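Structural characterization, general
The residues making up each chain are set out below.
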Amino acid sequence: MIDHRRLGRELDLFVSDPLAGAGLPIWLPAGAAARHAVEEYVRELERRSGHQHVYSPPLGKRELFELSGHLGYFADDMFPPMRLSADDEVVLRPALCPHHALVFRARGRSYRELPLRIAELGGMYRSERSGVLGGLSRVRAISLNDAHTFCAPDQVGAEVVEILRLIRAAHAALGVRPAGFRLSVRGPAGRYVGDDAQWSYAENLLRGALDGVEYVEVPGEAAFYGPKIDIQIVDAAGRESTISTIQLDFDKPERFDLSYTDSDGSRRRPVMVHRSLVGSMERLFAYLIEVHEGAFPAWYAPVQLALLPVGDEQAGAAAELARRALDAGLRVEVDVAGSLGARVRDAARRRIPYLGVLGSREVADGRLALRLRGGRALDPMPVADVLALISGQVAARAADLLPPG
Ligand SMILES: [Zn+2]
């Protein structure tokens, strides 16, 4: 069976060392290279859609999380506070929202700034029981693709629609195939903050945004502060989890006393929309490793091009070509050790998308014989054309290794 933990080991993507701790995996260079490419893509997608990025620390004063409600509603999922002195305790944050509320509050805000979209790929921590931890799918240290939009109440609907568009774009580029959309609303037994009218309004707003989308409505699955849309994935073992989420929150703006000046000069309370396009890097990669069986699209493959000189005489040409590929922005590697056949097999095992074989004829002609992952061999092409082809597929974040047609 496909298992991201086994593939992660075989492809040197990450390691789970018992000495580092359960649920605290370490990303190895290959996994980090893939993650870096994905992070850059997501940041660019967000930037183009009007998000502003911030950095905030993964821990904060106890009082911050009392104010946010996390210690009241969510303490079971958090690590115990660290006591520095009698009146100074810090906690590892279980979410980024409290810090982002402070970003909004850092100065006075006007209606002209709304919707204000604050994004961060930030660290947070959950004290998951050790029994449920495994590989990247359930971890205790989480790197979340997160953002909070602060908007006027009448902007929420359009914002949710726009976030759904971004989620679809990110899924298409990464190769995520959602298993379903879920609208989580209040249930009879849950503890919720806020009044009935607010909840009904928020739930109806999300129903409206999902117009035309097939979804299931799940009572009792809402967050304590508001209803949400979750987009589900199913892993190779058949386990369902959430990869993308949009959550409405009328509570934190109250708690943090957030306000903006409206066009008529009055003070108004913004609505906070929490959203993640692709979830945590850990869960995302657990899923991507399995769904692609380690054969990532070229744009986030750890090594995009492996150069294989047939003999020692071509080693210099291979090194020079590697330099050109590097300068073109590609992740490239020269493999010289072992027979050509063994090197081709090793590159296939590592799911490297493009292999460039340099024989004496190719070097003399300034050409390169390209082989695609999967075994297809192309006729030798001028080196510049090869680099343009690969760069083009990477820039387009294409799922295929060759352009259409
Ligand atoms: Zn949040």
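Refer to the structure presented above.
These notes cover the structure that comes with them. (Residues numbered from 1 in each chain as written. Predicted model: local features only at pLDDT ≥ 70, side-chain atom pairs only at ≥ 80, totals over all residues. Heavy atoms only, no water.)

Turning our eyes to something else, we now look at the overall build of the protein chain. Check the secondary structure of the protein chain and you find 13 helices and 20 strands. C-alpha extents for the protein chain along the principal axes are approximately 75 × 50 × 40 Å. Across the 405 residues of the protein chain, 50% fall into the buried class. Across the protein chain, every contact between residues at least 6 apart in sequence was considered, and the portion connecting residues at least 24 apart equals 70%. Approximately 18500 Å² of the protein chain is accessible, and the part contributed by carbon and sulfur atoms is 51%. Each charge sign in the protein chain was given a centre, from 50 positive and 53 negative side chains, and these centres are 1 Å apart. (Helix = DSSP H or I, 4+ residues; strand = E, 2+ residues; numbered from the N terminus. Buried < 20%, exposed > 50% of the residue type's maximum accessible area, 1.4 Å probe, protein only. Contact = heavy atoms within 4.5 Å. Areas by Shrake-Rupley, 256 points an atom, 1.4 Å probe, with all protein chains shown as cover. Lys, Arg positive; Asp, Glu negative; His and termini not counted. Charge placed at Lys NZ, Arg CZ, Asp CG, Glu CD.)

On to unusual backbone geometry. The amide bond that connects L114 to the next residue, P115, takes the cis arrangement and shows omega of -5 degrees. With respect to the secondary-structure elements, P115 resides in the loop between α5 (97-104) and β7 (116-125). Its identity is not glycine, yet E293 carries a phi of approximately 50 degrees, on the positive side. Looking at the secondary structure, you find E293 in the loop between α9 (281-291) and β16 (305-309). Look at E293 and you get partly exposed, because its relative accessible area is 42%. In the Ramachandran plot, R397 falls in the positive-phi region, its phi being about 50 degrees despite a non-glycine side chain. Examined against the element boundaries, R397 turns out to sit in the segment after α13 (383-395). Given the relative accessible area of 29%, R397 is considered partly exposed.

Bringing the coordination of the zinc ion into the picture now. Ideal coordination angles are 109.5 degrees for a metal with four donors arranged tetrahedrally and 90 or 180 degrees for a metal with six donors arranged octahedrally. Protein ligation of the zinc ion involves C97 (SG), H148 (NE2) and H274 (ND1), the donor distances falling in the range 2.0 to 2.4 Å. Spacing between the donor residues of the zinc ion along the chain follows C-x50-H-x125-H. Taken together, the residues H148 in strand β8 (residues 141-151) and H274 in strand β15 (residues 271-276) connect sequence positions 126 residues apart. A relative accessible area of 5% places H274 in the buried class. (Donors = N, O, S within 2.8 Å, 3.2 Å for Na, K, Ca; no water.)

Further remarks concern the state of the cysteines. What the rule picks out here adds up to zero disulfides. The thiol sulfur of C151 is not disulfide-bonded, and the nearest other cysteine sulfur, from C97, lies at 15 Å. (Disulfide = S-S within 2.5 Å.)

Over its 13 residues, α13 extends 18 Å from the first C-alpha to the last, a length consistent with the 18 Å expected when each residue adds 1.5 Å. Residues of α13 that are buried include every one of V383, V386, L387, L389, I390, Q393 and V394, and no others. With its buried residues spanning 160 degrees around the axis, α13 presents them on a single face. Against β16, α10 (315-327), β18 (354-358), β19 (367-372) and β20 (381-382) lie the buried residues of α13. At the exit of α13 stands R397, carrying a positive phi of roughly 50 degrees. (Expected span 1.5 Å × (residues − 1). Arc of directions from axis to C-beta.)

Our focus in this paragraph is a nonpolar patch on the surface. The grouping of L59, M82 and L84 at the surface amounts to a nonpolar patch, some 260 Å² of accessible area in total. Topologically, L59 is positioned in strand β4 (residues 59-61). (Patch = residues over 30% accessible without salt bridge, like charges linked within 9 Å, V, L, I, M, F, W, Y side chains within 5 Å. Salt bridge = Lys/Arg side-chain N within 4 Å of Asp/Glu carboxyl O.)

Looking along a regular strand, one sees the side chains alternate between the two faces of the sheet. Direction of pairing for β4 relative to strand β6 (residues 88-92): antiparallel, over a ladder of three bridges. Counterpart to K61 in the pairing with β6 is V90. Of the strand pairs in this sheet, strand β5 (residues 82-85) and β6 are connected by three bridges, and their pairing is antiparallel. Within β6, the residue paired with M82 across the bridge is V90. (Pairing = 2+ DSSP bridges.)

This brings us to the side chain of S143. Inspection of the secondary structure assignment puts S143 in strand β8. Among the polar contacts made by the side chain of S143, one reaches the side chain of R35 at a distance of 3.2 Å. What S143 contacts, discounting residues up to four positions off in sequence, is R35, L121, G122, G279, S280, M281 and E282. (Polar contact = N/O pair within 3.5 Å; in protein donor to acceptor, adjacent residues only side chain to side chain.)

As a packed pair, α10 and α13 sit with axes 11 Å apart at the nearest point and diverge in direction by 35 degrees. At the point where α10 passes α13, the crossing takes the right-handed sense. Between α10 and α13, the contacting residues are L321, R324 and A325 on the first element and V383, A384 and L387 on the second. Partitioned by chemical class, the residues of the contact of α10 with α13 number five nonpolar, no polar and one charged. (Axes fitted to C-alpha atoms, helices over the stretch in contact; angles between N-to-C directions. Left-handed = near helix turned anticlockwise from the far one by under 90°. Nonpolar A, V, L, I, M, F, W, Y, C, P; charged D, E, K, R; others polar.)

Strand order in the open sheet formed by five strands is β17-β16-β18-β19-β20, and the pairing between neighbours is mixed. One side of each edge strand has no neighbouring strand; the edge strands of this open sheet are β17 (332-334) and β20. One ladder, built from five bridges, connects β16 with β18; its direction is parallel. What sits directly across from L308, in β18, is V357. Contacting β16, β18 and β19, helix α11 (residues 340-349) crosses the sheet at an angle of about 175 degrees to β16.

Attention shifts here to the packing of aromatic side chains. In this structure the tally under the stated criterion is 10 aromatic pairs. The interplanar angle of 90 degrees and the centroid separation of 5.9 Å between the aromatic rings of F285 and F296 together place this pair among those described as edge-to-face. Of this pair, F285 sits in helix α9 while F296 sits in the loop between α9 and β16, placing them 11 residues apart in sequence. Classification of F285 by relative accessible area gives buried; the value is 2%. (Phe/Tyr/Trp six-rings, centres within 6.5 Å; stacked < 30°, edge-to-face > 60°.)

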